[in-house]
Amino acid sequence: MSDAEAERAVMKEPTTPVEQRKLSMSSEDYLEAIYRIMSKSKDPEGVRSVDVADQMGVSKASVNKAVSSLKEGGYVSQSHYGRIRLTETGAIYGAHTWRCHRMLRLFLERELGVDPETADAEACLMEHALSHDTQVRWLRHLEKQGLTLEDE
Ligand SMILES: [Zn+2]
């Protein structure tokens, strides 16, 4: 996926409403982790499963299992070296989930005064519940309070 494609995925709406989504919370966590690593590394070859394992604190075997099912669903592809790349659909879900995470973390920390570690952990659980529409409304609400999402 090129930078331009990644950019376009950022504000694109996941096509499946949250209540009908086939993706499990765990699959969304994987897409989020791959998206985060990819945004940082910008390596067009994709990400290594060991980096995903480190980021999520899980075993490489767990990553490989999750990646096979994400591949079946058309969310990721894999090069013959085993590098993992998000498909366009995978990138949309990864971007959506990661944006929800950062938004909820910002809200919990800055509006409710939750400590950063708790805010981060709880944001990663709550991120799976929001539709794109709610996310957009919430972001607008935060902007009215002078809070904007920083890139990470
Ligand atoms: Zn998260």
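Scoring rules and cut-offs
Residues numbered from 1 in each chain as written. Predicted model: local features only at pLDDT ≥ 70, side-chain atom pairs only at ≥ 80, totals over all residues. Helix = DSSP H or I, 4+ residues; strand = E, 2+ residues; numbered from the N terminus. Contact = placed C-beta atoms within 7 Å. Axes fitted to C-alpha atoms, helices over the stretch in contact; angles between N-to-C directions. Parallel < 35°, antiparallel > 145°, perpendicular 65-115°, else oblique. Left-handed = near helix turned anticlockwise from the far one by under 90°. Nonpolar A, V, L, I, M, F, W, Y, C, P; charged D, E, K, R; others polar. Core = buried A, V, L, I, M, F, W, Y, C linked by C-beta atoms within 7 Å. Buried ≥ 20, exposed ≤ 12 C-beta atoms within 10 Å, placed from the backbone.

Caption draft 1: Representation of the overall build of the chain. The helix and strand tally for the chain stands at 7 helices and 2 strands. For the chain, the proportion of contacts with a sequence separation of at least 24, taken over those separated by at least 6, is 59%.

Caption draft 2: Region of interest: the packing of helix α5 (residues 88-111) against helix α6 (residues 116-126). Across the interface, α5 lies against α6 with an axial gap of 8 Å and an inter-helix angle of 140°. When the interaxial angle is binned, α5 and α6 end up oblique. Note on packing geometry: the crossing formed by α5 with α6 is right-handed. Residues His 101, Leu 104, Arg 105, Leu 108 and Glu 109 of α5 pack against Pro 116, Ala 119, Asp 120, Glu 122, Ala 123, Cys 124 and Met 126 of α6. When the residues that make up the contact of α5 with α6 are grouped by side-chain class, the tally is 7 nonpolar, 1 polar and 4 charged.

Caption draft 3: Quick look at unusual backbone geometry. Phi is positive for Lys 42, which is not a glycine, with a value near 55°. As for its position among the elements, Lys 42 is in the loop between α2 (25-41) and α3 (49-56).

Caption draft 4: How the structure looks around the packing of α5 against helix α7 (residues 132-144). Contact pair α5 / α7: the axes reach a minimum separation of 11 Å and the direction vectors enclose 35°. The element α5 and its partner α7 pack so that their crossing is left-handed. Residues His 96, Arg 99, Cys 100, Met 103, Leu 106 and Phe 107 of α5 form the contact with α7, whose participating residues are His 132, Gln 135, Trp 138, Leu 139 and Leu 142. Of the residues belonging to the contact of α5 with α7, the class tally is 7 nonpolar, 3 polar and 1 charged.

Caption draft 5: Examining the environment of Leu 147 more closely. As for its placement among the helices and strands, Leu 147 is situated in the segment after α7. For the pair Leu 147 and Phe 107, spaced 40 residues apart in the sequence, the C-alpha separation amounts to 8.6 Å. Setting aside residues no more than four positions away along its own chain, Leu 147 makes contact with Leu 106, Arg 110 and Leu 142.

Caption draft 6: Local environment of the environment of Tyr 35. With respect to the element layout, Tyr 35 can be found in helix α2. With 61 residues separating them along the chain, Tyr 35 and His 96 place their C-alpha atoms 9.8 Å apart. If we ignore the near neighbours within four places in the chain, the residues touching Tyr 35 are Leu 86, Ala 91, Gly 94, Ala 95 and Trp 98.

Caption draft 7: View of the nonpolar core. Formed by 23 residues in total, the largest nonpolar core has its most connected members in Tyr 30, Leu 31, Ile 34, Tyr 35, Val 52, Val 76 and Leu 86. Broken down by secondary-structure element, the contributors of at least two residues to this core are α2, α4 (60-72), β2 (84-86) and α5. At 7 residues, the largest contribution of residues to this core is made by α2.

No statement about biological role is implied by the geometric values presented.
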